[in-house]
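Take a look at the letters that make up each chain.
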Amino acid sequence: MSTADVVIIGAGIVGAATAYFCARAGMSVRVLERGEVASGTSSHGEGNILVSDKEPGPELDLAHHSLGIWRGELAEHAHRWEFEPKGGLVVARGVGGYAGLTTLVEEQRAHGTRVELVEAEDLADHEPHLRPDLAGGAFYPDDCQVQPILATAALLRLARDAGAQLSTRTEVRELIVDRDRLLGVRTEAGPVHAGAVVNAAGPWAATVAALAGVSLPVAPRRGYVLVTEPLPPMIRHKVYAAEYVGDVGSGDGALQSSPVIEGTPAGTVLIGSSRERVGFADRPSDQALAALARNATQLFPFLARVRAIRHYHGFRPYLPDHLPAIGADARLPGLWHAGGHEGAGIGLSVGTGKLLAQAITGAEPDLSLLPFDPARFDRASAGAA
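For clarity, every value in this text was computed on a predicted model and none was experimentally measured. (Residues numbered from 1 in each chain as written. Predicted model: local features only at pLDDT ≥ 70, side-chain atom pairs only at ≥ 80, totals over all residues. Heavy atoms only, no water.)

1. Quick notes on the packing of aromatic side chains
Stage number 1. Per the stated rule, a full pass over the model turns up five aromatic pairs.
Stage number 2. For the pair tyrosine 20 and phenylalanine 21, a centre-to-centre distance of 4.8 Å together with 70 degrees between the ring planes defines the contact as edge-to-face. For the pair formed by tyrosine 20 and phenylalanine 21, the shared burial category is buried.
Stage number 3. An angle of 5 degrees between the planes, with centres 5.2 Å apart, marks the rings of tryptophan 204 and phenylalanine 280 as stacked. With tryptophan 204 in the loop between β11 (190-199) and α6 (205-211) and phenylalanine 280 in the loop between β15 (269-275) and α8 (286-299), the pair connects residues that are 76 residues apart, well separated along the chain.
Stage number 4. By relative accessible area, which is 38% here, phenylalanine 280 ends up partly exposed. (Phe/Tyr/Trp six-rings, centres within 6.5 Å; stacked < 30°, edge-to-face > 60°. Buried < 20%, exposed > 50% of the residue type's maximum accessible area, 1.4 Å probe, protein only. Helix = DSSP H or I, 4+ residues; strand = E, 2+ residues; numbered from the N terminus.)

Take a look at the structure:
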């Protein structure tokens, strides 16, 4: 039988960041992953670190906190994950969309976000190849990008340098509960006892929670990315349409698609985004891929002449109120959660990990974890009843 102060279930970027900050705080840490490092959601996204797509509230607070960590205490490691402070440009296609974007910008500014409105005639100064008839936009200088697989692997390497242990291809079969307290986990390799067990299983977090006898309504939300052939530098920033913010906050389970486009250091262009709740259905969707291509060419007409060479998709961990679950689960002492970040997990991972490490050690977290309480859905259900 092995023991640790903290067992983390899941070696995606949220689990990796939590492992790093817990190990750095002096705790003994064991990370258990049923597959390989970053083999789930973390390897199937674009690596976004965004403040632009967050409406004022707890998630935007967490985004600012996380951004400060990426650009502050982790800055010396930025080369490990190809950190790009490229900035984000949100564009509105019509007058109504620009009016809504203007309102959002004013609210975000009041919440500490750096952003400047861009008049229609000035959009070409930011992105020369945009279609010319857009109504206007907003530029967010703090939007950034990382290579998500590299970031996950590097954070785990830093955690291991601080003493953490990693076990891949190790599935948690059972949670060890005694007298209404979680004491550890059981794997095919044997039990691991721990003072804290962190559920960082991404879109599979509901399954882990069920092993503990509690409910956490995380569901997979599928999203696609198209990848073009390599091109000369054509797109300078992350560019997306204003309706993307609304799609992120929607609870609709049907297919939604709004353009999100950016270049990469390798010259390829990444084209998103789509959202749909179809369980873990893995068959490619022609409808979703066609929507991505159509939306991209509506913003950047030159893309109509460019070949898409591949596509990939992943399952984002969705929660109904679009806030992640972060913190202790009062329903079962010893159980902690770090999940439900949906498409924002890369950017929010380091803030999540640091806040959890502070809470597990008994320190006061830099941000209140109350809005992210994992048991909030049970209380909402009880109130409705």
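2. Comments concerning the pairing of strand β9 (residues 172-178)
Stage number 1. Here six bridges tie β9 to strand β10 (residues 181-187), and the two strands are oriented antiparallel to one another. Note that in β10 the partner of valine 177 across the bridge is leucine 182.
Stage number 2. Taking the residues between adjacent antiparallel strands as the criterion, β9 and β10 are bridged by two residues, where arginine 179 takes a positive phi near 55 degrees. (Pairing = 2+ DSSP bridges.)

3. Considerations on the environment of threonine 228
Stage number 1. On the secondary structure map, threonine 228 appears in strand β12 (residues 219-228).
Stage number 2. On the basis of relative accessible area, threonine 228 is assigned to the buried category, the value being 3%.
Stage number 3. Contacts of threonine 228, omitting those with residues within four sequence positions, involve Thr268, Val269, Ile271, Val306, Arg307, Ala308 and Ile309.
Stage number 4. One polar contact links the side chain of threonine 228 to the main-chain amide nitrogen of valine 269, over a distance of 3.0 Å. (Contact = heavy atoms within 4.5 Å. Polar contact = N/O pair within 3.5 Å; in protein donor to acceptor, adjacent residues only side chain to side chain.)

4. Here's the deal with the pairing of strand β14 (residues 256-263)
Stage number 1. When you tally the buried positions in β14, you get seven out of eight residues, the bulk of the element.
Stage number 2. The pairing of strand β13 (residues 238-241) with β14 spans two bridges and is antiparallel. Looking at β14, one finds that tyrosine 240 is bridged to valine 260.
Stage number 3. As judged from the six bridges shared by β14 and β15, these two strands associate in the antiparallel manner. When the bridges of β15 are listed, serine 257 appears paired with serine 274.

5. Looking at the sheet that holds β14
Stage number 1. Read across the open sheet, the eight strands follow the order β5-β6-β4-β13-β14-β15-β12-β16; overall the sheet is mixed. Of all strands in the sheet, those with a lone pairing partner are β5 (116-119) and β16 (308-318), marking the two edges. Each adjacent strand pair in this sheet contributes to an overall mean axis angle of 25 degrees, direction not counted.
Stage number 2. Bridge count between β12 and β16: ten bridges; the pairing is antiparallel. (Axes fitted to C-alpha atoms, helices over the stretch in contact; angles between N-to-C directions.)

6. Overview of the nonpolar core
Stage number 1. Residues Val29, Trp70, Trp81, Leu155 and Val198 are the most contacted members of the largest nonpolar core, which totals 67 residues.
Stage number 2. No other element matches the nine residues that helix α1 (residues 13-24) contributes to this core.
Stage number 3. Each residue touching leucine 155, except ones within four places of it in the same chain, is listed here: Ile13, Ala16, Ala17, Tyr20, Leu74, Trp81 and Val350.
Stage number 4. Ranked by size, the runner-up nonpolar core spans 24 residues in total, among them Leu134, Ile235, Ala288 and Phe300. (Core = buried A, V, L, I, M, F, W, Y, C linked by side-chain atoms within 4.5 Å.)

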